[in-house]
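The primary structure of each chain is shown beneath.
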Amino acid sequence: MLLPNHYHKITTPAGEIRIDLVDLEIRVYIGDRLFDHYRVENYDEARFKYLATVAYFSE
């Protein structure tokens, strides 16, 4: 099952952070550079880790 794509942008004094959820992969970009990415096994895990990643970088 393919998931709808999601993204979240966070603006910081150091620049912009973008967090993407594409299929079952979460990607974190700082500026234009890929900072981190990881795959997850299922939709529930993808949703949880995506929201946790957004919360982490939002603080």
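Below: a short report on this structure. (Residues numbered from 1 in each chain as written. Predicted model: local features only at pLDDT ≥ 70, side-chain atom pairs only at ≥ 80, totals over all residues. Heavy atoms only, no water.)

**Some details on the overall build of the protein**
Let me state the cut-off plainly: A run of H or I in DSSP counts as a helix once it spans at least four residues, and a run of E counts as a strand once it spans at least two, with each numbered from the N terminus. Throughout, the radius of gyration refers to the C-alpha atoms, and the reference size of a globule is 2.2 Å times the residue count to the power 0.38. Relative accessibility thresholds used throughout: buried, under 20% of the residue-type maximum; exposed, over 50%; partly exposed, between the two (1.4 Å probe, protein chains only). Only heavy atoms matter for contacts: two residues are in contact if any of them lie within 4.5 Å across the pair. Accessible surface is estimated by sampling points in the Shrake-Rupley manner with a 1.4 Å probe; for residues, cover comes only from the protein chains shown. For the purpose of counting charges, residues Lys and Arg are taken to be positive, whereas Asp and Glu are taken to be negative. His and the chain ends are not included. Where a charge lies is defined by one atom per residue type: Lys uses NZ, Arg uses CZ, Asp uses CG and Glu uses CD.
Within the protein one finds one helix and four strands. For the protein, the N- to C-terminal ordering of α and β elements is β-β-β-β-α. In summary, the protein has a C-alpha radius of gyration of 11 Å against a globular reference of 10 Å for 59 residues, a match within 12%. Principal-axis analysis of the C-alpha atoms gives the protein an extent of 35 × 20 × 15 Å. Looking at the 59 residues of the protein, the share that counts as buried comes to 29%. Taking the intrachain contacts of the protein between residues at least 6 apart in sequence as the baseline, contacts between residues at least 24 apart amount to 26%. Element-wise, carbon and sulfur atoms account for 53% of the exposed surface of the protein, whose accessible area totals about 4500 Å². Considering the protein, the positive charge centre built from 7 side chains and the negative charge centre built from 10 side chains are found 3 Å apart.

**Description of the packing of aromatic side chains**
What counts is decided by this rule: Each Phe, Tyr or Trp ring, with Trp reduced to its six-membered ring, pairs with another whose centre is within 6.5 Å; inter-plane angles below 30 degrees give stacked pairs, above 60 give edge-to-face pairs, and intermediate values give tilted ones. We count a charge as sitting over a ring when the NZ of a lysine or the CZ of an arginine lies within 6 Å of the ring centre and within 35 degrees of the ring normal.
Throughout the structure, instances matching the rule amount to two aromatic pairs. Their ring planes at 90° and their centres at 6.2 Å tell us that Phe 35 and Phe 57 sit as a pair that is edge-to-face. Of the two residues, Phe 35 is situated in strand β4 (residues 33-39) and Phe 57 in helix α1 (residues 43-58); the sequence distance between them amounts to 22 residues. The interplanar angle of 90° and the centroid separation of 5.1 Å between the aromatic rings of Tyr 56 and Phe 57 together place this pair among those described as edge-to-face. Classification of Phe 57 as buried rests on a relative accessible area of 18%. The structure contains a cluster of three or more aromatic residues connected by ring pairs, namely Phe 35, Tyr 56 and Phe 57. Sitting over the face of the ring of Tyr 29, Arg 18 holds its NZ or CZ atom 4.3 Å from the ring centroid.

**Structural notes on α1**
Definition in use: Multiply 1.5 Å by the residue count of a helix minus one, and that product is the helix's expected span. Whenever a nitrogen or oxygen atom comes within 3.5 Å of another N or O atom, the pair is scored as a polar contact, on the condition that within protein one atom can donate a hydrogen and the other can accept it, and that pairs from neighbouring residues in sequence are kept only if both atoms are in side chains.
Between its first and last C-alpha atoms α1 spans 22 Å; for 16 residues at 1.5 Å apiece the expected length is 22 Å, and the two agree. Where α1 begins, the side chain of Asn 42 points an oxygen toward the backbone nitrogen of Asp 44, at a separation of 3.2 Å.

**Structural notes on the side chain of Asp 20**
By the element assignment, Asp 20 lies in strand β2 (residues 15-22). Note on Asp 20: relative accessible area 10%, which makes it buried. Separated by 3.0 Å, the side chains of Asp 20 and Arg 18 make a polar contact. For Asp 20, the contacting residues outside a window of four places in its chain are His 6, Tyr 7, Glu 25, Ile 26, Arg 27, Tyr 29 and Tyr 50.

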